[in-house]
Amino acid sequence: MRTLRATERRALPWKNGGGLTREVLAQPPGSDLGHFDWRVSIAEIHRAGPFSRFPGIERRMAVLEGCLRLSIDEGAALSVSPDTPPVEFSGDVLTFADPVGGPVTDLNVMMRRGRFDCRFERRVASAPIRLTPRPGTRVIVALSELIARCAAEEADLAKLDALLIEGDLRCDIIAQAAAASFYLIEICANP
């Protein structure tokens, strides 16, 4: 397992000037935006505008803070907030984002269509939670302070820190306060 600190991520401004992105993790390591197999990132959206297109990429997005009006492929606008489930859409289509009432922070997962798939869900631990061991890669993104115990190792995570877990390690998530919330991303290669 490897801890990925939020304080160590570099902010990259968007080409259109409407926001910025901080990469959490990409596979293969060091790959650029045209050559990744999958990528996890956190973005800040400051003003309305189109998302960059990523042909051949499937996208998942969850709003962590704020409220976003999202129009995908000229469809009706969706209202996406921390209370709504993650949104799935193709990187091939025109997607327009409009932050409502102020900046929005979101969590993104992008993967090569047909080669990778993922499970992407928000979890809350008011008591210790044991994550089911699974093959592939798991990424935990903390939304509050928590402790992750995997095998004989332990990691303290602050808000927006991430934990990379490769292989089928058994992990327990423990709240440092009354409850801990986090996103669990499970990425696996398609057969």
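None of these values were measured; they are calculated from a predicted model.

Participant: Can you break down the sheet that holds strand S10 (residues 116-125) residue by residue, with the values?
Facilitator: Strand order in the open sheet formed by 5 strands is S1-S15-S12-S17-S10, and the pairing between neighbours is antiparallel. The two strands at the open ends of the sheet, each matched to only one other strand, are strand S1 (2-4) and S10. When the angles between neighbouring strand axes are averaged without regard to direction, this sheet yields 20°. Pairing between strand S12 (residues 137-142) and strand S17 (residues 180-189): 6 bridges, direction antiparallel. Within S17, the position partnered with Thr137 by the bridge is Ile187.

Participant: Which residues make up the state of the cysteines, and what values go with them?
Facilitator: With the rule as written, the count across this model stands at 1 disulfide. Here Cys150 engages in a disulfide with Cys171; their sulfurs sit 2.2 Å apart. In this structure the cystine formed by Cys150 and Cys171 twists about its S-S bond by roughly 120°; its chirality is therefore right-handed. You can see Cys150 sitting in strand S13 (residues 146-150) and its partner Cys171 sitting in strand S16 (residues 171-175), a full 21 residues away along the chain. The same class applies to Cys150 and to Cys171, which are both buried. Lacking any disulfide linkage, Cys118 is separated from the closest cysteine sulfur, that of Cys188, by 8.4 Å.

Rules used in this analysis
- Residues numbered from 1 in each chain as written.
- Predicted model: local features only at pLDDT ≥ 70, side-chain atom pairs only at ≥ 80, totals over all residues.
- Heavy atoms only, no water.
- Pairing = 2+ DSSP bridges.
- Helix = DSSP H or I, 4+ residues; strand = E, 2+ residues; numbered from the N terminus.
- Axes fitted to C-alpha atoms, helices over the stretch in contact; angles between N-to-C directions.
- Disulfide = S-S within 2.5 Å.
- Buried < 20%, exposed > 50% of the residue type's maximum accessible area, 1.4 Å probe, protein only.

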